[in-house]
Amino acid sequence: MTTMPATAVNVPDLIDEQKVGSFQIRVLILCALAAMLDGFAAQMIGYLAPSLKRDMNLDPAALTGIFAWGLVGLMLGALTLGPVADRFGRKPVIVTCTIFFGLLTLATAFIHSAAHLTILRFLASMGFGGTMPNAIALTAEYAPHRRRGTMITIMFCGFPIGATIAGFAAVPIVPVYGWRGVFVLAGLMPLVLAPVLAFLLPESIRHLVIHGKKAARVRELLARVSPQLVFGSDTIFVVREERAPGIPVAHLFRQGRALPTVFLWIGFFMSLVDIYLLSSWLPTVFHDAGITLSLSVIATAVFQGGGVVASLVLGSLVDRFGAYRVMSITFLLGAISVASLGYSHSIFSIMCCTFFAGAGVIGGQTGANALAASFYPTYIRSTGVGWALGIGRIGSIVGPILGGLMLSLHWPLSTIFLAAAIPSLVGSAAIFLMGRSQAPVNASNVLGVAAS
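Predicted model, so just to flag it, every value in this text is computed and none were measured. (Residues numbered from 1 in each chain as written. Predicted model: local features only at pLDDT ≥ 70, side-chain atom pairs only at ≥ 80, totals over all residues. Heavy atoms only, no water.)

**Re helix α9 (residues 215–225)**
Here is step 1: Buried within α9 are the following residues: A215, V218, L221, L222 and V225. Down the axis of α9, the sector holding all buried residues measures 120°, keeping them to one side. (Buried < 20%, exposed > 50% of the residue type's maximum accessible area, 1.4 Å probe, protein only. Helix = DSSP H or I, 4+ residues; strand = E, 2+ residues; numbered from the N terminus. Arc of directions from axis to C-beta.)

**A few points about a nonpolar patch on the surface**
Here is step 1: Where nonpolar side chains cluster on the molecular surface, the patch consists of I154, V309, L312, V313, L317 and F321 and spans about 460 Å² of accessible area.
Here is step 2: Within the secondary structure, V309 sits in helix α11 (residues 293–321). (Patch = residues over 30% accessible without salt bridge, like charges linked within 9 Å, V, L, I, M, F, W, Y side chains within 5 Å. Areas by Shrake-Rupley, 256 points an atom, 1.4 Å probe, with all protein chains shown as cover. Salt bridge = Lys/Arg side-chain N within 4 Å of Asp/Glu carboxyl O.)

**A few points about unusual backbone geometry**
Keep in mind that most residues, glycine aside, have a negative phi and that most peptide bonds are trans.
Here is step 1: Within the chain, H410 stands out as a residue other than glycine whose phi angle is a positive 60°.
Here is step 2: On the secondary structure map, H410 appears in the loop between α14 (381–408) and α15 (413–437).

**Thoughts on the packing of helix α5 (residues 114–142) against helix α6 (residues 148–156)**
Here is step 1: Following both chains from N to C, one finds α5 and α6 inclined at 145°, their axes separated by 9 Å at the closest point. The two elements α5 and α6 meet at a crossing, and its hand is right-handed. The residues of α6 that touch α5, namely those facing M132, A135, I136, T139 and A140, are R148, M151, I152, M155 and F156. (Axes fitted to C-alpha atoms, helices over the stretch in contact; angles between N-to-C directions. Left-handed = near helix turned anticlockwise from the far one by under 90°. Contact = heavy atoms within 4.5 Å.)

**Side note on α6**
Here is step 1: Burial analysis of α6 places eight of its nine residues in the buried class, which makes it a mostly covered element.
Here is step 2: Buried residues of α6: R148, G149, T150, M151, I152, T153, M155 and F156, and no others.

**Some remarks on the side chain of T98**
Here is step 1: Along the chain, the position of T98 falls in helix α4 (residues 90–108).
Here is step 2: A polar side-chain atom of T98 sits 2.7 Å from the main-chain carbonyl oxygen of I94.
Here is step 3: Excluding its chain neighbours within four sequence positions, the residues that come into contact with T98 are T131, P190, A194 and L197. (Polar contact = N/O pair within 3.5 Å; in protein donor to acceptor, adjacent residues only side chain to side chain.)

**A short note on the environment of F88**
Here is step 1: The residue F88 is located in helix α3 (residues 60–88) in this model.
Here is step 2: Sequence separation between F88 and F110 is 22 residues, and the spatial gap between their C-alpha atoms is 34 Å.
Here is step 3: The residues touching F88, leaving out its near neighbours within four places in the chain, are E203 and H207.

**Remarks on the packing of aromatic side chains**
Here is step 1: Within the structure shown, the criterion is met by nine aromatic pairs.
Here is step 2: Arranged with centres 4.9 Å apart and planes meeting at 75°, the rings of F101 and F128 form a pair that is edge-to-face. Separated by 27 residues along the polypeptide, F101 in helix α4 and F128 in helix α5 bring together distant segments of the chain. For the pair formed by F101 and F128, the shared burial category is buried.
Here is step 3: Centroid distance W265 to W387: 6.1 Å. Interplanar angle 25°. Geometry classified as stacked. Of this pair, W265 sits in helix α10 (residues 258–288) while W387 sits in helix α14, placing them 122 residues apart in sequence.
Here is step 4: An aromatic cluster is present here, built from F253, W265 and W387 joined pairwise through their rings. (Phe/Tyr/Trp six-rings, centres within 6.5 Å; stacked < 30°, edge-to-face > 60°.)

Okay, here's the thing in structure tokens:
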């Protein structure tokens, strides 16, 4: 055991010097579980669309409205709760959002009209939207810089894993219990997880330091990250990052961040256009094309599974070769694979193309999350990630609407999938240009708290 002298300890530098230990892995797993339930609840509506369409006699326009209002809730949750977490902490927002969307998702199982479904879906989605940016930020703030991309992408795997589980869960549940059974499951799981998060999930060390409070808690958490060190009661913990007063969103456009932020937003927007267009309509499109409902749902789950596999691989590639290059290539792969879906005529080729489409589009989004979390400093990290996701959620609203419009116009499948490839192609260019426009972030002010 080594006792630190009475001096200032730079928290980010100390974390960067450590190996990834069991404490950071626990944070990663807990955030991944929260993301998994987010993915399950957010994406299950696409799997249930054929059943909802049949049971409630809904036309594509009505389904589009349900999709869209749910996504508006996601957008508002990300835009509003990211800044809230930068002020009050990541943990309380994650726990509160988990309880909130669990209760409302459970209540949705007992509604009897499309209007009530739309309202509850909108409200519950605000909880989904608030969970993800804070899970990303919390994971980033406990990760050593050299492993940050890997840890964030592994954590974010929870989202496509949850979406994949939703697809496979829907196959046995819907024939027996109907779409309501899936909503019951999706509502109960967050309510079970919330107490676990409340008990085991720590607050961000960096957040505690820059807000100058709970110094004893900072000392305790750092000792758990690095158990070989003992900090004296006179140790001062600091975060050598800028912090400025005023509206957090305004700081996304200062210190050389304006142009990269715009390109990041374009990348998020285009990525989520594709993800939600495909997640929402693939089961319906495949089923209408003559594929059985079970195979249609499984094919869409394979799309999410491709995102999981890509996320596991991309993290180490991002840490080794840089996010800009890796993400640009990944989005380009997604565009090619989505376009190829329109020319796939066998179950095998459809499954292959949907897998690689998921790897490119969802994998690209996973890497973009890691990029956003690394790009912004601590005091606006949840705001930066939340607003990127929030702007992206506008794309997630546009995606299902575009899908419904193309289907209502009876476009050929080849044309639909060619059009669906364009957003991923634009996203590739946006991330590439972000890398070319990035300026160094000024880290001027030293923020600290005495460990008394």
